[in-house]
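# Examination of the molecular architecture
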Amino acid sequence: MLAFQRVAGDPYITARLVERARGSTSEPRGARIMGVDVAEYGEDDTAMCFRQGRLVHPLKTWHGKGPMEVVGLVAIEAEAWKPDLINVDCTGVGSGVADRLIELGYPVQRVHFGSRAIKDEIYRDRRAEMYGELREWLEDMPACLPDDDVLAGELTSVQYSYDSSRRVVLESKEQMGKRGIKSPDRADAVALTFAVKIAPKAEGAKRKRR
């Protein structure tokens with residue numbers, strides 16, 4: 001029996017893929033990418049993902065943090081982990097967080113979940129595209145996820161459909177809420193690490209700080 005609850009309907013990422021990745025191991029190689037899904041006050045959490053190549057490290061979450069507190073938390077983690085890129089969800093309160101981190105000199109990429117997909121013939125928006133990249137990553141073993149029941153449940157809770165152009169459409173957080181499903185903050189943070197494909201920094205390269 002799986003250690004997390006399945007949901008009815010058609011999940012975009014299946015429980016089989018998630019469980020296989022939870023039982024896998026991989027060496028941390030390649031670019032270091034952080035994904036930051038920002039929440040402020042309310043039921044949602046700010047979630048932070050750390051992915052290097054085929055390995056997702058354990059995520060970190062915080063509840064009830066204001067935007068500048070989140071900036072400080074991201075800065076602390078970035079100074080310790082030295083990411084090549086930090087992808088921040090700029091929908092809503094995350095926009096100010098991203099702007100301040102850019103001012104401080106961190107390698108931030110602003111990501112809008114609702115913006116046009118790069119492969120817009122396949123996905124309706126960027127959020128669907130990032131989850132699509134994540135699903136392909138999970139299908140291509142080895143792919144290693146942390147042993148995290150909450151993350152596993154969130155990854156398999158997001159359902160999908162197709163629009164009239166046969167593009168992938170993920171259900172919105174509002175639609176999930178109507179089903180009694182909490183916002184998939186950790187899953188979104190993992191998906192954010194697939195927003196941009198980059199190569200790792202050259203050995204000895206230093207990030208400019210102000």
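All values derive from a computational prediction rather than experimental measurement.

To continue, consider the overall build of the protein chain. Secondary structure assignment for the protein chain yields seven helices and eight strands. Computed over C-alpha atoms, the radius of gyration of the protein chain comes to 16 Å, within 12% of the 17 Å expected from 2.2 N^0.38 for 210 residues, which places it in the range of a compact globule. Taking the principal axes of the C-alpha coordinates as reference, the protein chain spans close to 50 × 35 × 35 Å. Across the 210 residues that make up the protein chain, the buried fraction comes to 50%. Considering only contacts in the protein chain between residues 6 or more positions apart, those separated by 24 or more positions represent 66%. Counting every atom, the protein chain has about 10,400 Å² of accessible surface; 50% of that belongs to carbon and sulfur. With 33 positive and 33 negative side-chain charges, the protein chain shows a separation of 4 Å between the mean positions of the two kinds.

Turning our eyes to something else, we now look at the nonpolar core. One finds I13, Y131, L134, W137, L138, L145 and L155 to be the most contacted residues of the largest nonpolar core, which totals 35 residues. Breaking this core down by element, the ones donating at least two residues are helix 1 (15-22), strand 2 (45-52), helix 4 (126-139), helix 5 (149-155), strand 8 (168-170) and helix 7 (185-192). Not counting residues up to four positions away in its chain, the partners in contact with I13 are V18, Y131, L134, R135, L138, L155 and T156. Counting residues in each nonpolar core, the second largest holds 22 residues, with V71, L73, A78 and V108 among its members.

With 14 residues, helix 4 should reach 20 Å at 1.5 Å per residue; the first-to-last C-alpha distance of 20 Å fits that figure. Counting buried positions along helix 4 yields 11 of 14 residues, so the element is predominantly enclosed. Within the sequence span of helix 4, burial applies to R126, R127, A128, E129, M130, Y131, G132, E133, L134, W137 and L138.

Counting through the fold element by element, D148 comes out in the loop between helix 4 and helix 5. In this structure the side chain of D148 is engaged in a polar contact, spanning 2.9 Å, whose partner is the backbone nitrogen of L151. Residues within four places of D148 in sequence aside, it is in contact with R22 and R186.

Taken as a whole, helix 1 has its buried residues at A15, L17, V18, A21 and R22. What you see down the axis of helix 1 is that its buried residues fit within an arc of 165°, all on one side. Along its buried surface, helix 1 packs onto helix 4 and helix 5.

Across the interface, helix 4 lies against helix 7 with an axial gap of 8 Å and an inter-helix angle of 80°. It follows that helix 4 is roughly perpendicular to helix 7 by the angle criterion. Only A187, D188, V190, A191 and L192 of helix 7 make contact with helix 4, whose side of the interface consists of R127, M130, Y131 and L134. For the contact of helix 4 with helix 7, the class distribution of residues is seven nonpolar, no polar and two charged.

Attention now moves to unusual backbone geometry. Omega for the peptide link from M141 to P142 comes to 5°, which places this bond in the cis form. Within the secondary structure, P142 is located in the loop between helix 4 and helix 5. For K82, which is not a glycine, the phi torsion comes out positive at approximately 60°. The exposure class of K82 is partly exposed, given its relative accessible area of 45%. Positive phi values are uncommon outside glycine, yet R166 reaches one of about 65°. Relative to the elements of secondary structure, R166 occurs in the loop between strand 7 (160-162) and strand 8.

Residues at a pLDDT of 70 or more form 90% of the protein chain, whose mean pLDDT is 89. In the predicted structure, residues 1-8 sits below a pLDDT of 50 and forms 18 contacts with residues beyond four places in sequence or in another chain. With pLDDT under 50 throughout, residues 202-210 is counted as low confidence; its partners more than four residues away or in other chains account for 11 contacts.

Calculation criteria
Residues numbered from 1 in each chain as written. Predicted model: local features only at pLDDT ≥ 70, side-chain atom pairs only at ≥ 80, totals over all residues. Heavy atoms only, no water. Helix = DSSP H or I, 4+ residues; strand = E, 2+ residues; numbered from the N terminus. Rg over C-alpha atoms; globule rule 2.2 N^0.38 Å. Buried < 20%, exposed > 50% of the residue type's maximum accessible area, 1.4 Å probe, protein only. Contact = heavy atoms within 4.5 Å. Areas by Shrake-Rupley, 256 points an atom, 1.4 Å probe, with all protein chains shown as cover. Lys, Arg positive; Asp, Glu negative; His and termini not counted. Charge placed at Lys NZ, Arg CZ, Asp CG, Glu CD. Core = buried A, V, L, I, M, F, W, Y, C linked by side-chain atoms within 4.5 Å. Expected span 1.5 Å × (residues − 1). Polar contact = N/O pair within 3.5 Å; in protein donor to acceptor, adjacent residues only side chain to side chain. Arc of directions from axis to C-beta. Axes fitted to C-alpha atoms, helices over the stretch in contact; angles between N-to-C directions. Parallel < 35°, antiparallel > 145°, perpendicular 65-115°, else oblique. Nonpolar A, V, L, I, M, F, W, Y, C, P; charged D, E, K, R; others polar. pLDDT = per-residue confidence, 0-100.

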